[in-house]
Amino acid sequence: MQVRELTIGGAWEFTPVQYGDSRGLFLEAFKASVLGGAIGHRFDLAQVNMSVSSAGSLRGVHFADVPPGQAKYVTCPKGAVLDVIVDIRVGSPTFGAYDTVLLDDADRRAVYLSEGLGHAFLALEDGSTVTYLCSTGYNPTGEHGINPLDPALGIEWPTVGRDGIPLVYELSEKDTAAPTLAQAAESGLLPGYGEVQEFLAGSSAG
């Protein structure tokens, strides 16, 4: 499995080796030792989520309070999505920046984002299925969002799908009503960079 650190600290891309023959293929979609070696501590799996999205579905930017935060290992076993990791940690050297990885059923990459980062994706094909391995369970009072179309973020979302047909973005009511990055920062909703680093240091020591 190939590992590549993304431009946002605390996020990595994992590309598995695929072994194929006339029957199909085999790959290691997740390997704890490889992930642990990259992030510097064990990944504690608490919950596995799955979403199925039509082309144009735009989900995010979602994040959780730190502590406890929620680290995610994300894959797309069917279809294709543009996965986006946003640095929402106030005080971070890359605050407000983002990086992207194409997750699909061809290269079968995965991304890991640590606690304190924002996550979003755009489905590029009907039936695109995304699985999330999460370090903590669902906590409705501690999970928040930022509008993925916030001009200040400047995320360059694809305008056409995998089939070349123009995409019409569809957001949930909650994501549509989500604040901008600046509004979230002003309200004290965002995690602090130092706070997140201190939490992660404690996780590594444990």
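Structure report, in brief. The shown structure was predicted, so the numbers you read here are calculated from the model rather than taken from an experiment.

## Observations concerning the nonpolar core
Core analysis: the biggest nonpolar cluster contains 19 residues, and Val86, Ile88, Ile146, Leu153, Trp157 and Leu190 have the highest contact counts within it. Of all the secondary-structure elements, those providing two or more residues to this core are β6 (58-64), β8 (80-87), β11 (117-123) and α3 (181-186). Counting residues per element, this core draws most heavily on β8, at four residues. Not counting the four nearest positions on each side in its chain, Val86 is found in contact with Val61, Ala97, Tyr98, Leu117, Gly118, Leu153 and Ile155. If you look at the next biggest cluster of nonpolar residues, it comprises 17 residues, including Leu6, Ala11, Val81 and Leu113.

## Some thoughts on helix α1 (residues 32-39)
What α1 keeps buried is the set Leu35, Gly36 and Ile39. The arc that holds every buried residue of α1, seen down its axis, measures 100°, which confines them to one face. The exposed set on the far side of α1, more than 90 degrees from its buried face, consists of Ser33 and Gly37.

## Overview of a nonpolar patch on the surface
A contiguous nonpolar surface patch, about 340 Å² in accessible area, is contributed by Val17, Tyr19 and Phe26. When you line up the elements, Tyr19 lands in strand β3 (residues 19-21). On the basis of relative accessible area, Tyr19 is assigned to the exposed category, the value being 55%.

Rules and cut-offs
Residues numbered from 1 in each chain as written. Predicted model: local features only at pLDDT ≥ 70, side-chain atom pairs only at ≥ 80, totals over all residues. Heavy atoms only, no water. Core = buried A, V, L, I, M, F, W, Y, C linked by side-chain atoms within 4.5 Å. Buried < 20%, exposed > 50% of the residue type's maximum accessible area, 1.4 Å probe, protein only. Helix = DSSP H or I, 4+ residues; strand = E, 2+ residues; numbered from the N terminus. Contact = heavy atoms within 4.5 Å. Arc of directions from axis to C-beta. Patch = residues over 30% accessible without salt bridge, like charges linked within 9 Å, V, L, I, M, F, W, Y side chains within 5 Å. Areas by Shrake-Rupley, 256 points an atom, 1.4 Å probe, with all protein chains shown as cover. Salt bridge = Lys/Arg side-chain N within 4 Å of Asp/Glu carboxyl O.

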